Amino acid sequence: MKKEYQKMIVITAPSGAGKTSITRHLMKVFPQLAFSISAATREPRSNEKNGTDYYFISVEEFQKKILNEEFVEWEMVYEGKYYGTLKSELKRMWKQELIPVLDIDVQGTIHVQKEYPVNSLFIFIKPPSIEELQRRLESRGSENKESLHARISKAAYELSFVNQFRHVIENKDFETACHEAERIVKDFINN
Ligand code: 5GP
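Anyway, here's the lowdown on the structure attached to this text.

**So, the packing of helix α1 (residues 19-29) against helix α7 (residues 174-190)**
Pairs of packed helices are described in terms of their axes, by the angle between the two and the distance that separates them. It is the contact of α1 with α7, at a shortest axis distance of 10 Å, that shows an interaxial angle of 55°. With respect to each other, α1 and α7 are oriented oblique. Seen from above, α1 lies across α7 with right-handed handedness. Note on element contacts: α7 touches α1 through F174, A177, C178, A181, E182 and V185, opposite S21, I22, H25, L26 and V29. Each residue belonging to the contact of α1 with α7 can be placed in one class, and the counts come to 8 nonpolar, 2 polar and 1 charged.

**Describing the nonpolar core**
What tends to happen in soluble globular proteins is that the nonpolar side chains get buried as a cluster. With 24 residues, the main nonpolar core has I9, L26, L33, I125 and V185 as its most contacted residues. By residue number, the principal contributor to this core is α7, which donates 7 residues. Not counting the four nearest positions on each side in its chain, L33 is found in contact with I9, L26, M27, I99, V101, V185 and I189. Of all hydrophobic cores here, the second largest spans 17 residues; its members include V112, Y116, F122 and F165.

**Here we look at unusual backbone geometry**
The phi dihedral of E69 falls on the positive side, at around 55°, and the residue is not glycine. Mapped onto the elements of the fold, E69 is located in the loop between α2 (59-67) and β5 (71-78). One non-glycine residue, N119, adopts positive backbone phi at about 70°. Structurally, N119 can be placed in the loop between α4 (106-115) and β8 (120-126).

Conventions used here
- Residues numbered from 1 in each chain as written.
- Predicted model: local features only at pLDDT ≥ 70, side-chain atom pairs only at ≥ 80, totals over all residues.
- Heavy atoms only, no water.
- Axes fitted to C-alpha atoms, helices over the stretch in contact; angles between N-to-C directions.
- Helix = DSSP H or I, 4+ residues; strand = E, 2+ residues; numbered from the N terminus.
- Parallel < 35°, antiparallel > 145°, perpendicular 65-115°, else oblique.
- Left-handed = near helix turned anticlockwise from the far one by under 90°.
- Contact = heavy atoms within 4.5 Å.
- Nonpolar A, V, L, I, M, F, W, Y, C, P; charged D, E, K, R; others polar.
- Core = buried A, V, L, I, M, F, W, Y, C linked by side-chain atoms within 4.5 Å.
- Buried < 20%, exposed > 50% of the residue type's maximum accessible area, 1.4 Å probe, protein only.

What follows is the structure, encoded as structure tokens:
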């Protein structure tokens, strides 16, 4: 896979910083991009569909795929919950001459940065502050108290990696952040 790899875009941020919304926006603007659907072992949320948001699989299936080296990267993002980018997913997109967009956590991104340093664009979306992040996660209403706490403490840790990124966008105002992301992606696509 290494030798044959083509362009990819990785968008990362602490959970709740708005990376999924910015990613969705980019997909609408650039038809040559395709959302890379990850495999995950958490339960689907009520609005999520298998094969659209994630490939929801069991822990056993996930571990089997790790052993078979089917992942570009994988992480246990939260206690007991695995998430990973499948090589088959990226290959499927490259075959269609599309550029995969990975919406993954910071650790996973650092891993991809090391393994696939050229031909890849890495963007870090930064929340204005941890307090604002907490407020956004609470208003999203998708987390219980425990998972909210886990996400906030992980976010503080993830923010410490911001210096390892050349492209950092502060998501204070959604529209401004989208425009900035568009500019960076346009540059990458055209070069
Ligand atoms: P959520 O449970 O909110 O959908 O996602 C939790 C976190 O896992 C988010 O930061 C999301 O971007 C990240 N994530 C989703 N897919 C992957 C993946 O394939 N690999 C890694 N490392 N993180 C992922």
